[in-house]
Amino acid sequence: MRRMRLVATALTVAIAAAMFNSDTIAQSAPSDNAAPTPDNAVMITIFFKHDQSRPLGELNAQLEKQGYYKAFPPPGVEVVSWYVMMGIGQVVTLRLPASRLREVNRIIEDKAWGAYHTEFYPTYDYKAVGMAAHEKAQ
């Protein structure tokens with residue numbers, strides 16, 4: 001578990017460094033119309049863990065009151081997957097420009113906290129590599 005956190009931290013630092021790899025910091029400011037492209041996109045998986053001490057109806061009412069359903073996901077952020085993990089909550093993977101990472105984080109802090117405990121994991125698509133290794137082993 002500690003190694004996973006270290007890897008996640010290292011990836012987060014790498015993402016942050018990539019965000020500021022432009023000529024000026026001003027160029028990396030969030031843009032409402034920025035779209036993920038191969039040279040600026042990151043993926044992040046978010047665990048929305050239910051507060052199991054409260055009933056689901058109460059949690060949904062709180063999310064509605066806080067404006068979660070209206071704000072998440074923000075326009076222009078691609079939802080790669082969105083699953084319910086029974087006993088945990090929801091697991092959402094997003095693809096977005098690195099410059100919009102702070103925006104997504106703030107939406108979650110402002111709109112989801114209280115109903116959910118959240119965890120964030122830098123993510124990348126490994127399916128083609130994994131499937132190729134599987135096929136080669138056959």
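Residues numbered from 1 in each chain as written. Predicted model: local features only at pLDDT ≥ 70, side-chain atom pairs only at ≥ 80, totals over all residues. Heavy atoms only, no water.

(A) Local environment of the overall build of the protein. Counting secondary structure elements, the protein contains five helices and four strands. Going from the N terminus to the C terminus, the protein shows its helices and strands as α-β-α-α-β-β-α-β-α. Here the analysis covers contacts within the protein between residues at least 6 apart in sequence; of these, 74% occur between residues at least 24 apart. When the accessible surface of the protein is split by element, carbon and sulfur atoms take 59% of a total near 9400 Å². (Helix = DSSP H or I, 4+ residues; strand = E, 2+ residues; numbered from the N terminus. Contact = heavy atoms within 4.5 Å. Areas by Shrake-Rupley, 256 points an atom, 1.4 Å probe, with all protein chains shown as cover.)

(B) Structural context of the sheet that holds strand E4 (residues 116–123). The antiparallel open sheet is built from four strands, whose spatial order is E2-E3-E1-E4. Two strands close off the open sheet at either side, each with one partner strand: strand E2 (78–85) and E4. Going across the sheet, the axis of each strand differs from the next one's by a mean of 20 degrees, ignoring polarity. The sheet contact formed by strand E1 (residues 41–50) and E4 spans eight bridges and is antiparallel. Residue pairing across strands places phenylalanine 48 opposite threonine 118, the latter belonging to E4. (Pairing = 2+ DSSP bridges. Axes fitted to C-alpha atoms, helices over the stretch in contact; angles between N-to-C directions.)

(C) Focus on the pattern of salt bridges. Counting across every chain of the model gives seven salt bridges. Across the pair glutamate 109 and arginine 106 runs a salt bridge whose closest N-O atoms are separated by 3.5 Å. With a gap of three residues between them, glutamate 109 and arginine 106 both fall in helix H4 (residues 101–111), about one helical turn apart. The class for glutamate 109 is partly exposed, based on a relative accessible area of 27%. Each member of the salt-bridge network shares a partner with another, and the members are Asp51, Arg54 and Glu58. (Salt bridge = Lys/Arg side-chain N within 4 Å of Asp/Glu carboxyl O. Buried < 20%, exposed > 50% of the residue type's maximum accessible area, 1.4 Å probe, protein only.)

Read these as layout, nothing more, since geometry by itself doesn't imply function.
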